[in-house]
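# Coordinate inspection notes
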Amino acid sequence: LEGKLASEALGSSIDLFKVALSTSTYTPVTDFLVWANRIRGVRMVPFGDADVIPLGQRLFLGGRDTLRGFAIGEVGPKGADGDVLGGDESINASTELQFSLTDNFILVLFIDAGQAFLENEGDFTGDTLDFSDLRYTPGLGGRYKTPVGPISIEYGFVTERETDERSGRLNIAIGGVL
């Protein structure tokens, strides 16, 4: 559970409250198989004189920590011109099977789901989105354990692609997602 309070009375340029709730589980299935799950929900609410969340504070999904088939910030409510303008709420869930092939190498099969939504839209013109607009990115990858953390190479596929979207994305990083 995480909370944030920004207020003009505390020196902020806007009054807003943010709460995030997340949980993760790791369930050993066999000696070489782990089922890992994560879910995170975020809600931001403007108060006082504010009626919308400023663009710089909004929520965007995409990238290896949310929807691995998309680039960072590529998923969320879009304005009338088609640009992603972010939301004030988001939900993101990931589930993956982690197969230990050797002491140092893990094969990963995953599916990510999520979306950002805009409830406090103000004069926003565009698609505010709802739960029927969740995006999904199944994929696979590998992780090699090193002393500084696992080196991961994962590819997420975009299901139900929209106009001008890529078919997926390759993510290479140090550290695992779940």
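Notes on the structure in this doc start here. Here the structure is a predicted model, which means the values were calculated and not measured. (Residues numbered from 1 in each chain as written. Predicted model: local features only at pLDDT ≥ 70, side-chain atom pairs only at ≥ 80, totals over all residues. Heavy atoms only, no water.)

### Some thoughts on the packing of aromatic side chains
In plain terms, the rule: Each Phe, Tyr or Trp ring (for Trp, its six-membered ring) is paired with any other whose centre lies within 6.5 Å, and the angle between the two planes then decides the class: stacked below 30 degrees, edge-to-face above 60, tilted in between. Segments assigned H or I by DSSP are reported as helices when at least four residues long, segments assigned E as strands when at least two residues long, and all are numbered from the N terminus. Residue burial is assigned from relative accessible area. The probe radius is 1.4 Å, only protein chains are included, and a residue is buried under 20% of its type maximum, exposed over 50%, and partly exposed in between. When the NZ atom of lysine or the CZ atom of arginine is within 6 Å of a ring's centre and also within 35 degrees of its normal, the charge is said to sit over that ring.
Under the defined criterion, the tally for this structure stands at two aromatic pairs. Taking the centre distance of 4.8 Å and the plane angle of 40° together, the rings of Phe117 and Phe131 count as tilted. Taken together, the residues Phe117 in strand 6 (residues 105-117) and Phe131 in the loop between strand 7 (126-127) and strand 8 (135-144) connect sequence positions 14 residues apart. With relative accessibility at 58%, the residue Phe131 sits in the exposed group. With a centroid separation of 4.8 Å and an interplanar angle of 65°, the aromatic rings of Tyr155 and Phe157 are classed as edge-to-face. Judged by its relative accessible area of 26%, Tyr155 is partly exposed. Positioned above the aromatic ring of Phe110 is the side chain of Arg68, whose terminal nitrogen or guanidinium carbon lies 3.7 Å from the ring centre.

### Brief notes about the pattern of salt bridges
Under the convention used in this document: Criterion for a salt bridge: a side-chain nitrogen of Lys or Arg within 4 Å of a carboxyl oxygen of Asp or Glu.
Taken as a whole, this structure holds 12 salt bridges when the rule is applied. The partner of Asp112 in a salt bridge is Arg68, and the shortest N-O contact between them spans 2.9 Å. Placement of Asp112 in strand 6 and of Arg68 in the loop between strand 3 (33-46) and strand 4 (78-79) is noted, with a sequence separation of 44 residues between them. Of the charged contacts, one joins Arg135 and Glu162 as a salt bridge, the two residues approaching to 3.5 Å between their closest N and O atoms.

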